[in-house]
Amino acid sequence: MARRKFIAGNWKMYKTTAEATVFAQMFRMLLEEKPIPQADLAICAPFTQLAALEEAFRGSSVGVGAQNMHFAEEGAYTGEISAPMLKEIGVDICIIGHSERRQYFAETDETVNRKLEAAFAAEIVPIFCIGETLKERDAGQAFAVVERQLRAGLSGIPEANAVEAVIAYEPVWAIGTGRTATADQAQEMCAFIRQTLVSLYGVEAADRICIQYGGSVKPENAEELLAQPDIDGALVGGASLVPEQFHEICNAVSAMVK
Ligand code: 13P
């Protein structure tokens, strides 16, 4: 069975709620003109925009996700948001372990693992991000780093949950730099990730898990990246802020899924 494609936008810390609502209206119009039934679509937005986006995308094929969550259900964690709080407003997707959170907010393999456990417990689909820095790639450590992040993040996670996860391979050197990984580089690492998943959960489970590529995905390179056998989708930063660009990227799957 072919895996479904899943294209998600990561808005990072961009857009006001008013701007998000305008985006949703424009994106829905583009989808009415040219629907994309071959892929699941989602926008991962800042917390304050989630409720408005849920409403604006209701009845459409676009899901709404958060970009982070705490691992506890509740507690004295000033400034944090829990999985049940996201669920309450209808959000059932969440990016976990993005490299910007690892880099600037002290996210570790261990906190990522706890957040993944919490996401599954709340029936939130995690988009679990992994990827090496340029220094690590240049030192020949890319595969070792990605394998460590993957195994540590999924530590203790049973197969029944793991098959619902989305793994996003995002080489840090390709994020926001305009320097995308080549389709061959991206495929090579995504195939390696799937092999590692085989060793963790077996062939059948690994075959079901959605692996996205992220890092300077644009309308110009989306088709080639998405055509790779182990790349099942994309996590799109900058280009997801512009409705036409994001629609064009999502539409790249139409070229290949018949
Ligand atoms: P860019 O598409 O802007 O490079 O960002 C990628 C990213 O970090 C998505 O999570």
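Basis of the calculations
Residues numbered from 1 in each chain as written. Predicted model: local features only at pLDDT ≥ 70, side-chain atom pairs only at ≥ 80, totals over all residues. Heavy atoms only, no water. Buried < 20%, exposed > 50% of the residue type's maximum accessible area, 1.4 Å probe, protein only. Helix = DSSP H or I, 4+ residues; strand = E, 2+ residues; numbered from the N terminus. Arc of directions from axis to C-beta. Contact = heavy atoms within 4.5 Å. Near = heavy atom within 4 Å. Polar contact = N/O pair within 3.5 Å; in protein donor to acceptor, adjacent residues only side chain to side chain. Areas by Shrake-Rupley, 256 points an atom, 1.4 Å probe, with all protein chains shown as cover. Nonpolar A, V, L, I, M, F, W, Y, C, P; charged D, E, K, R; others polar.

A. Geometry of helix α2 (residues 47-56). Along α2, the residues that are buried comprise Gln49, Leu50, Leu53, Glu54 and Ala56. Within α2, the buried residues cover an arc of 155 degrees as seen down the axis, which keeps them to one side. Looking at α2, the residues exposed on the side facing more than 90 degrees away from the buried face are Thr48 and Glu55. Tucked inside the fold, the buried residues of α2 contact α1 (17-33), β2 (39-44), β3 (62-66) and α3 (83-88).

B. Layout of the environment of Arg102. Residue position: Arg102 is located in helix α4 (residues 99-104). Residue Arg102 is classed as buried on the basis of its relative accessible area, which comes to 17%. As for Arg102 and Gly79, which are separated by 23 residues in sequence, their C-alpha atoms are 17 Å apart. Setting aside chain neighbours within four positions, we find Arg102 in contact with Gly97, Glu107, Asp109, Val112, Phe128, Cys129, Ile130 and Gln149.

C. Highlighting the site of the ligand. Close contacts around the ligand come from Asn10, Lys12, His98, Glu170, Ala174, Ile175, Gly176, Gly215, Ser216, Leu235, Gly237 and Gly238, and that covers them all. One of the side-chain nitrogen or oxygen atoms of Glu170 is found 2.8 Å away from an oxygen atom of the ligand. Contact distances for the ligand include 2.8 Å between an oxygen atom and a backbone N or O atom of Ser216. Expressed as a share of its isolated accessible area of 310 Å², the protein-covered part of the ligand is 96%. Split by residue class, the shell around the ligand holds three nonpolar, seven polar and two charged.

Function cannot be inferred from these measures alone, as they are strictly geometric.
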